Amino acid sequence: MTPKNRYLIVSFPKAGTHFLHSVLNAALGREQQMFIHYEDHTQQYRASLITEEFAGNRDKWINFGDNLPFAFYTGRRFTDPELLLYLVREGEVVMSHLTRRQIPFHLDRAFYYIFLVRNIEGIIASAINTEIKIAHFDSSLLDAIFLDVDLTALDVQDLPGIITKYFDILVPYFLDMLYWQYSNRAILIQYQDVMNCSPAMVRLLTDVTGEALSQQQIDGFYKVASSNQSTKLTSEDKIVSEAMVRGILGNNKIFHHLNAQINFLFINSKII
């Protein structure tokens, strides 16, 4: 029997959000993928239904289907976070990159927050490689950070500047995300746990489904999730490596501080 908890994935960008969501959705027997956004400049939330992973949450904002509340047929933006209770139903998992300050504490009893983290060099390398792939697919979907760079004709000499710029822009966001460790309703899991289906990932699947799962079932969920990975990077796509990022940011104290905070998180926090 599917448990009646609501789960909201709150992850670092490019930490494996879509893949984790696809595995959990497969385990729950659901196909609908939803992404919750928050715009700091308008202090509004938005929700999009994603039909494909490849830059899917950047595509045009589509109207919701008939199985969602009427309020969301006519308006795609909202300021009242309690409306999240209508978007994320009991027994569902929804994606986001929402920070701790973007969800009020009084909603904590309504959600479990799956806090997915990854080391900073992995995030930056994956993000830039994905943007390069997106640029060749449809440059109109590029993150605004990269609009002043022609990623389709990239010079290797441009990479240090791009890496440093991307990291500097995301530092405040990374710091805000780390506050999830102070939520009593946060379930912490690492990128490596998700990708390797570690015991921590098996426990998460058990918690979300409320069932003891066989290895054959879990393998099936991963097979479904892998088939949905349209932005999966091939070896040819991996122009920027984690080692390159570490080399370029090696003397950056904030870079080391953030990774130290992530390591501390998993050494000293209660993990599922």
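Here the residue numbers are simple positions, counted from 1 along each chain's written sequence. Reporting in this predicted model follows two pLDDT cut-offs: at least 70 for local features of residues, and 80 or more for side-chain atom pairs to be given and counted; totals over whole chains, interfaces and linings ignore these cut-offs and use all residues. No hydrogens and no water enter the side-chain calculation; it runs on all heavy atoms of the structure.

Draft legend 1. Local environment of the packing of aromatic side chains. Aromatic pairs are defined between Phe, Tyr and Trp rings, using the six-membered ring for Trp, whenever the two ring centres lie within 6.5 Å; interplanar angles under 30 degrees are classed as stacked, those over 60 as edge-to-face, and all others as tilted. Under the definition given, this model contains 10 aromatic pairs. Taking 5.6 Å as the distance between ring centres and 70° as the angle between the ring planes, the aromatic pair formed by F19 and Y222 counts as edge-to-face. One end of the pair, F19, is in helix α1 (residues 17-28); the other, Y222, is in helix α8 (residues 215-227), and 203 residues separate them in sequence. One exposure class covers both F19 and Y222, and it is buried. In textbook terms, an aromatic cluster arises when at least three aromatic residues are bridged by ring pairs, as seen for F12, F115 and F174. Definition used: whenever NZ (Lys) or CZ (Arg) falls within 6 Å of the ring centre and also within 35 degrees of the ring normal, the charge is taken to sit over that ring. The ring of F105 carries the charged tip of R100 above its face, separated from the ring centre by 4.1 Å. Here R185 stacks its cationic end above the ring of Y112, 3.8 Å away from the centre of that ring. A run of DSSP states H or I qualifies as a helix once it reaches four residues; a run of E qualifies as a strand once it reaches two. Both are numbered from the N-terminal end. The buried label applies to any residue whose accessible area, calculated with a 1.4 Å probe on protein chains only, is under 20% of its type's maximum; exposed applies above 50%, and partly exposed to all values in between.

Draft legend 2. Here's a closer look at the side chain of T209. Tracing the sequence through the fold places T209 in helix α7 (residues 199-209). We classify T209 as buried; its relative accessible area is 3%. Residues adjacent in sequence count toward polar contacts only when both atoms are side-chain atoms; beyond that, a polar contact is any pair of N or O atoms within 3.5 Å, and within protein one must be able to donate a hydrogen and the other to accept it. At 3.2 Å, the side chain of T209 forms a polar contact with the backbone nitrogen of E211.

Draft legend 3. Representation of helix α4 (residues 120-137). Multiplying 1.5 Å by the helix residue count minus one yields the expected span of that helix. Here α4 spans 26 Å end to end across 18 residues, near enough to the 26 Å set by a 1.5 Å rise per residue. The element α4 is largely enclosed, with a buried count of 15 among its 18 residues.

Draft legend 4. Highlighting the nonpolar core. Within the largest apolar cluster, 83 residues are counted, with the highest numbers of intra-cluster contacts made by L8, F12, I36 and M201. Apart from residues lying up to four places away in sequence, I36 is in contact with L8, Y45, R46, A47, L84, L87, V94, M95, S96, H97 and L98. Put simply, buried Ala, Val, Leu, Ile, Met, Phe, Trp, Tyr and Cys residues joined by side-chain atoms within 4.5 Å make one nonpolar core. By definition in these notes, contact holds between two residues if any of their heavy atoms fall within 4.5 Å.

Draft legend 5. Examining the confidence of the model for the protein more closely. The pLDDT score gives, residue by residue, the confidence of the prediction method on a 0 to 100 scale. Looking at the protein, the pLDDT average stands at 84 and 86% of residues meet or exceed 70. Within the protein, the element-level pLDDT minimum falls on helix α2 (residues 71-74), averaging 42, and the maximum on helix α9 (residues 242-248), averaging 96. In the predicted structure, residues 59-66 sits below a pLDDT of 50 and forms 18 contacts with residues beyond four places in sequence or in another chain. Contacts of residues 68-75 to residues separated by more than four positions or lying in other chains number 16 contacts, the stretch itself having pLDDT below 50.

Draft legend 6. Focus on unusual backbone geometry. At Q43, a position not held by glycine, the phi torsion is positive, near 55°. For Q43, the location among the structural elements is in the loop between β2 (33-39) and β3 (44-50). Residue C197 is not a glycine yet carries a positive backbone phi of 50°. Considering the arrangement of structural elements, one finds C197 in the loop between α6 (191-196) and α7.

Draft legend 7. Structural view of the environment of Q261. Relative to the helices and strands, Q261 is located in helix α10 (residues 253-268). Exposure remark for Q261: the relative accessible area of 26% places this residue in the partly exposed category. A C-alpha to C-alpha distance of 9.9 Å links Q261 and N119, two positions 142 residues apart in sequence. Leaving out residues up to four positions away in the same chain, Q261 has contacts with L178 and Q181.

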